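Structural characterization, general
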Amino acid sequence: MKQYKIALLPGDGIGPEIMKEAVKVLKLVQERNPVAFELNEVPFGAVAYFATGDAFPEATKLACDQADAVLKGTIGLSHEESKKIPVDKQPERGALLPLRKRLNTYANFRPVYLPKELAHFSPLRPEVVGEGIDLMIIRELVGGLYFGQKERGIKNGKRFVNEMLEYDEDQIRQILIVGFETAKKRRKLLHNIHKSNVLLSSVLWNEILEEVAPSYPEVEVRHMLVDAAATALCLNPCQFDVMVMENMFGDILSDQGGGILGSLGLMPSACMGPNRKAYYEPSHGSAPDIAGQGIANPYSMIGSVAMMLDMSFGLTEEAQNLWGAMKSVFAAGFTTPDLKRGGDKLISTAAFGDKVLEALAKSPKPKV
Ligand code: IPM
Ligand code: MG
């Protein structure tokens, strides 16, 4: 029996509600497979700040270091509530970015996936969605503008700010390799998203790409400017399979990915570091406006569990079962309010989780 330690970071807003559903799923997976999960729930985000004065307390750091994988909910407060916390201690800067840096999770996998059965959720016209959307955004996660040097001050009597977009060639190479490797396992098509007509960082990025590409002769590379890619995602998302890009571009285009699916609630993600140490999280925020009402869509949280089962624990078949279970709940006409169309049966966060459990329990157990 394999034993895995998982650090659970429920976080703020809807985080604890959707994490509850993830834990229910993990318990069932444990019953169905020769694995034992040791779950260690620790404070992270604004909730940790208000309890300890630190959004990423030492005990949480330790739990993350010792875990085989980290499962994170959502963090962040409303614009107004955020003002109660000093800027550098707010959960995004004070917890999330330090978590990414600490685990060095440079490769962020954000699947933008809408199978045919769920194609009606997309706001795009049926002829645009065709047989469904299935692409993978690979976002560099520990470099660029997010982590460059920052300076704020007063020059000539005026407030100014200066923040740097920094990358070195090793950082660029390692994420491009992830892009190529992923493309190799999928449709062998890699879209390189950049802005080399303006940004020098993209010029270097593209230079490194030319150096890496010869090792992957089977992968076709197509170059696209990031602004054009934003349009193309709306007009013809099916042309894409794997898209690789730097941190900020990936932040923006992956939210657009949620948009073309119909909800950010359909966006799980995996954040992978060296030696496959990883953390998993929904791509979306903490939705403080709907927190505590039991109406959040837990798909992106449970999908993050599926990615963890596959990528961290090698439980690939069970991960597939879990995706199938979630799909079957939607296909039976149940939805959370974010996805509601006429005729859908509205269910709560917990009811969605229960239905996923029911469907998973019915799927054949993976062979040992
Ligand atoms: C995301 C989020 C984060 C980011 C925020 C919460 C700092 O938007 O994971 O996409 O910008 O990376
Ligand atoms: Mg984002």
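Cut-offs applied
Residues numbered from 1 in each chain as written. Chains lettered and ligands numbered in written order. Predicted model: local features only at pLDDT ≥ 70, side-chain atom pairs only at ≥ 80, totals over all residues. Heavy atoms only, no water. Patch = residues over 30% accessible without salt bridge, like charges linked within 9 Å, V, L, I, M, F, W, Y side chains within 5 Å. Areas by Shrake-Rupley, 256 points an atom, 1.4 Å probe, with all protein chains shown as cover. Salt bridge = Lys/Arg side-chain N within 4 Å of Asp/Glu carboxyl O. Lys, Arg positive; Asp, Glu negative; His and termini not counted. Charge placed at Lys NZ, Arg CZ, Asp CG, Glu CD. Helix = DSSP H or I, 4+ residues; strand = E, 2+ residues; numbered from the N terminus. Axes fitted to C-alpha atoms, helices over the stretch in contact; angles between N-to-C directions. Parallel < 35°, antiparallel > 145°, perpendicular 65-115°, else oblique. Left-handed = near helix turned anticlockwise from the far one by under 90°. Contact = heavy atoms within 4.5 Å. Nonpolar A, V, L, I, M, F, W, Y, C, P; charged D, E, K, R; others polar. Near = heavy atom within 4 Å. Polar contact = N/O pair within 3.5 Å; in protein donor to acceptor, adjacent residues only side chain to side chain. Phe/Tyr/Trp six-rings, centres within 6.5 Å; stacked < 30°, edge-to-face > 60°. Lys NZ or Arg CZ within 6 Å of the ring centre and 35° of its normal. Domains from an automatic or database assignment. Buried area = accessible area lost by both parts, 1.4 Å probe. Pairing = 2+ DSSP bridges. Buried < 20%, exposed > 50% of the residue type's maximum accessible area, 1.4 Å probe, protein only. UniProt positions renumbered as here; feature names shortened; annotations may be inferred. Core = buried A, V, L, I, M, F, W, Y, C linked by side-chain atoms within 4.5 Å.

**Comments concerning a positive patch on the surface**
A cluster of basic residues, Lys184, Lys185, Lys188 and Arg276, forms a positive patch on the protein surface. Checked against the element boundaries, Arg276 lands in the loop between β11 (270-272) and β12 (278-280).

**A closer look at the packing of helix α7 (residues 169-185) against helix α8 (residues 200-212)**
Direction vectors running N to C along α7 and α8 enclose 55°, while the axes themselves pass 9 Å from each other. For the element pair α7 / α8, the angle class is oblique. Between α7 and α8 lies a crossing whose hand is right-handed. Contacts between α7 and α8 involve Glu169, Ile172, Arg173, Ile175, Leu176, Ile177 and Phe180 from the first element and Leu204, Trp205, Ile208, Leu209, Glu211 and Val212 from the second. Across the contact of α7 with α8, the residue classes break down as 10 nonpolar, no polar and 3 charged.

**Quick word on the site of ligand 1**
Close contacts around ligand 1 come from Glu92, Leu96, Arg100, Arg110, Arg139, Tyr146, Asp251 and Ser283, and that covers them all. At 2.8 Å, a side-chain N or O of Arg139 approaches an oxygen atom of ligand 1. Between an oxygen atom of ligand 1 and a side-chain N or O atom of Tyr146, the distance comes to 2.5 Å. Protein chains shield 79% of the accessible area of ligand 1, which is 320 Å² for the free molecule. The element that contributes the greatest number of residues to the shell around ligand 1 is helix α5 (residues 91-103), accounting for 3 residues.

**A word on the packing of aromatic side chains**
Per the stated rule, a full pass over the model turns up 11 aromatic pairs. Ring pairing ties together the aromatic residues Phe121, Tyr299, Trp323, Phe330 and Phe352, which thus form one cluster. The ring of Phe147 is capped by Lys101, whose NZ or CZ atom sits 4.6 Å from the centre of that ring. We note Arg139 situated over the ring of Tyr146; from NZ or CZ to the ring centre the distance is 5.3 Å.

**Some points on the domain arrangement of the protein chain**
Taken as a whole, the protein chain is organised into domain 1 (1-105 + 273-368) and domain 2 (114-139 + 166-262). Between the C-alpha centres of domain 1 and domain 2 there is a distance of 25 Å. With 10 residues of domain 1 in contact, the opposing surface of domain 2 contributes 9 residues. Carbon and sulfur atoms supply 58% of the area buried between domain 1 and domain 2, which totals about 850 Å² over both sides. The largest per-residue losses of area from domain 1 upon contact with domain 2 belong to Lys327, Leu339 and Arg341, which jointly make up 49% of the total buried on that side. If you look at where domain 1 meets domain 2, you find 1 salt bridge. For Lys327, the salt bridge identified is with Glu117, shortest N-O distance 3.8 Å. For the pair domain 1 and domain 2, the interface holds 2 residue pairs in polar contact (both at pLDDT 80 or more). Examining the composition of the side of domain 1 that touches domain 2, we find that 3 residues originate from one element, helix α12 (residues 316-331), more than from any other.

**Description of the sheet that holds strand β2 (residues 35-41)**
The strand order across the open sheet formed by 10 strands is β2-β1-β3-β12-β11-β4-β5-β10-β8-β9, and the pairing between neighbours is mixed. Both edges of this open sheet fall to β2 and β9 (220-225), since each of them pairs with a single strand only. Averaged over all pairs of adjacent strands, the angle between their axes in this sheet comes to 25°, without regard to strand direction. Across 3 bridges, strand β8 (residues 189-194) lies against strand β10 (residues 242-245) in parallel orientation. In the strand pairing of β10, His191 is matched with Met243. Along the sheet, α7 makes contact with β4 (107-115), β5 (132-140), β8, β9 and β10, crossing β5 at roughly 155°. Running at roughly 155° to β8, α8 makes contact with β8, β9 and β10 of the sheet.

**A few points about the pattern of salt bridges**
Scanning the model with the defined rule gives 23 salt bridges in all. Across the pair Arg186 and Asp241 runs a salt bridge, and its minimum N-O distance is 2.9 Å. One end of the pair, Arg186, is in the loop between α7 and β8; the other, Asp241, is in the loop between α9 (226-235) and β10, and 55 residues separate them in sequence. On the accessibility criterion, Asp241 (2% relative accessible area) is buried. One network of salt bridges, in which partners are shared, links Lys72, Arg100, Arg110 and Glu281.

**Looking at the side chain of Asp12**
Residue position: Asp12 is located in the loop between β1 (2-11) and α1 (15-32). Here Asp12 is buried and forms no salt bridge, its nearest opposite-charge partner Lys72 lying at an N-O distance of 8.7 Å. Not counting chain neighbours up to four residues away, the residues in contact with Asp12 comprise Phe44, Gly45, Ala46, Val47, Thr74, Ile75, Gly76, Pro91 and Ser286.

**So, the UniProt feature "domain: Isopropylmalate dehydrogenase-like" (unreviewed entry) in the protein chain**
Under the local residue numbering, the UniProt record ascribes the feature "domain: Isopropylmalate dehydrogenase-like" (unreviewed entry) to residues 5-356. Across residues 5-356 one finds 42% helix and 22% strand; the C-alpha atoms that close the span lie 23 Å apart.

**Structural notes on the nonpolar core**
In this structure, Phe37, Leu71, Phe109, Met243, Tyr280 and Leu309 are the most contacted members of the largest nonpolar core, which totals 96 residues. The element best represented in this core is helix α11 (residues 299-311), accounting for 9 residues. Inspection of this core shows a minimum of three residues originating in each of domain 1 (1-105 + 273-368) and domain 2 (114-139 + 166-262). Each residue touching Tyr280, except ones within four places of it in the same chain, is listed here: Ala69, Val70, Leu71, Lys72, Ser269, Ala270, Met272, Ser304, Met307, Met308, Met311 and Ser312. The next biggest cluster of nonpolar side chains, apart from the first, holds 21 residues, and it includes Phe44, Cys64, Ala95 and Leu99.

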